[in-house]
Amino acid sequence: MKFAMLARNAELYSHQRIVAAARARGHEIDIVDTLKCYMNIASHRPEVRYKGRALEGYDAVIPRIGASITFYGLAVLRQFEMMGVYPLNESVAIGRSRDKLRCLQLLSRKGIGLPVTAFAHATSQPDDLIDMVGGTPLVIKLLEGTQGIGVVLAETRSSAKSMIEAFGGVEANILVQEFIKEAGGADIRALVIGGKVVAAMLRQGAPEEFRSNLHRGGKAQEVKITPEERSTAVRAAKTMGLNVCGVDMLRSNHGPVVMEVNSTPGLEGIELATGKDIAGMIIEFLEKSAAPNKTQTKGEG
Ligand code: ADP
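Just so it is clear, the model here is predicted, and its values are computed rather than measured.

Definitions and limits used
- Residues numbered from 1 in each chain as written.
- Predicted model: local features only at pLDDT ≥ 70, side-chain atom pairs only at ≥ 80, totals over all residues.
- Heavy atoms only, no water.
- Near = heavy atom within 4 Å.
- Polar contact = N/O pair within 3.5 Å; in protein donor to acceptor, adjacent residues only side chain to side chain.
- Areas by Shrake-Rupley, 256 points an atom, 1.4 Å probe, with all protein chains shown as cover.
- Helix = DSSP H or I, 4+ residues; strand = E, 2+ residues; numbered from the N terminus.
- Nonpolar A, V, L, I, M, F, W, Y, C, P; charged D, E, K, R; others polar.
- Domains from an automatic or database assignment.
- Phe/Tyr/Trp six-rings, centres within 6.5 Å; stacked < 30°, edge-to-face > 60°.
- Buried < 20%, exposed > 50% of the residue type's maximum accessible area, 1.4 Å probe, protein only.
- Lys NZ or Arg CZ within 6 Å of the ring centre and 35° of its normal.
- Pairing = 2+ DSSP bridges.
- Right-handed = clockwise from strand over helix to strand, strands pointing away.

### Concerning the site of the ligand
In the neighbourhood of the ligand, 20 residues make up the surrounding shell, with K141, G148, E178, I180 and N213 lying closest. In this structure, a nitrogen atom belonging to the ligand sits 2.9 Å away from a main-chain N or O atom of E178. At a separation of 3.4 Å, an oxygen atom of the ligand approaches a polar backbone atom of F210. Look at the ligand: alone it shows 540 Å² of surface, and the protein chains cover 96% of it. At the level of secondary structure, the elements contributing two or more residues to the shell around the ligand comprise β9 (138-142), β11 (173-178) and β16 (255-262). In terms of residue class, the shell around the ligand is made up of seven nonpolar, seven polar and six charged. Taken domain by domain, the shell around the ligand gets at least three of its residues from each of domain 2 (96-112 + 182-276) and domain 3 (117-179).

### What about the packing of aromatic side chains?
All chains considered together, the criterion is met by one aromatic pair. With a centroid separation of 5.9 Å and an interplanar angle of 85°, the aromatic rings of F179 and F210 are classed as edge-to-face. You can see F179 sitting in the loop between β11 and β12 (186-193) and its partner F210 sitting in the loop between β13 (196-204) and β14 (219-222), a full 31 residues away along the chain. Residue F210 is classed as partly exposed on the basis of its relative accessible area, which comes to 24%. In this structure, K2 is placed above the aromatic ring of Y58, and the distance from its NZ or CZ to the ring centre is 4.6 Å.

### Notes on the sheet that holds strand β3 (residues 37-38)
Strand order across the open sheet formed by three strands is β3-β4-β5, with antiparallel pairing between neighbours. The outermost strands of the open sheet, each flanked by one partner alone, are β3 and β5 (53-54). Direction of pairing for strand β4 (residues 49-50) relative to β5: antiparallel, over a ladder of two bridges. Note that in β5 the partner of R49 across the bridge is A54.

### Focus: the pairing of strand β6 (residues 60-63)
Side chains of β6 alternate between two faces, with A60 and I62 and V61 and P63 buried alike. Looking at chain direction, strand β1 (residues 2-6) and β6 are connected through four bridges and run parallel. From the neighbouring strand, F3 faces β6, where its bridge partner is A60. Note that β6 and strand β7 (residues 86-87) share two bridges and pair parallel. Residue pairing across strands places A60 opposite Y86, the latter belonging to β7. Following the backbone out of β6, through helix α2 (residues 70-82) and into the adjacent parallel β7, one traces a crossover that is right-handed.

Shown next as structure tokens:
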């Protein structure tokens, strides 16, 4: 088969692993710098052009679109979809997951376990917001944050109020969430491919740190997840319409709760923690699923 991987940096671990896995299985794969693609969107014969020529003959496109270029990247991916090229994850599904709030609203509609979460913009009612999530301690998250930056723990009502007011002062969109203390500074990342959990790791934050992000000094190890965690991850992936994703969950005393669904999961942490060939499994999924004018993930919204 012939694959195009939409990625800006060919050197990243995940990208190198996907390229190696595709070649090892006898496929051709080109790395296409997403921002260097251009296209005539009004043409009756849709095409994507790159370095002066049309990108043609691909069986599947593997989007590895960074958060900072979501808007342009999804437009390029959409164009491939209009050409009938099979996307590993569809543009509309990636768009849903990139918006944390939209993601939580969709998961909530399907009855998937979530931390009690409120959402506000520059509210003048901090007390009401705090009461809505059951009081303090609580977690406040900037909607645009990644890698744990913009996630803060407010232990008392007075600190929660002043943080909500401070974020309000800079016109930020915030999520206010019950603090899942019993998670003990750990979270679970379940990697879903084609409706199955293929690997799971537990990330434990550094001592005195409630955030488990590996970028913040967290440590990862393979974990055996419960059937309930497994089905929560699979349902979350299905709700978002993602063929491949990382579902981040906390172990709460009311069962697994989903924090986030990541449509472009990094492979390094999970491959090193579990010893599994996730890149190979992604390619295997494409071997089985990729066909012209066929998409697995048709979702609304
Ligand atoms: P980001 O998307 O920036 O990584 P997250 O929402 O995943 O932000 O939060 C970062 C980390 O903080 C999580 O991995 C988790 O360990 C911890 N965390 C986030 N929300 C909660 C919560 N409601 N209760 C307890 N811990 C949390």
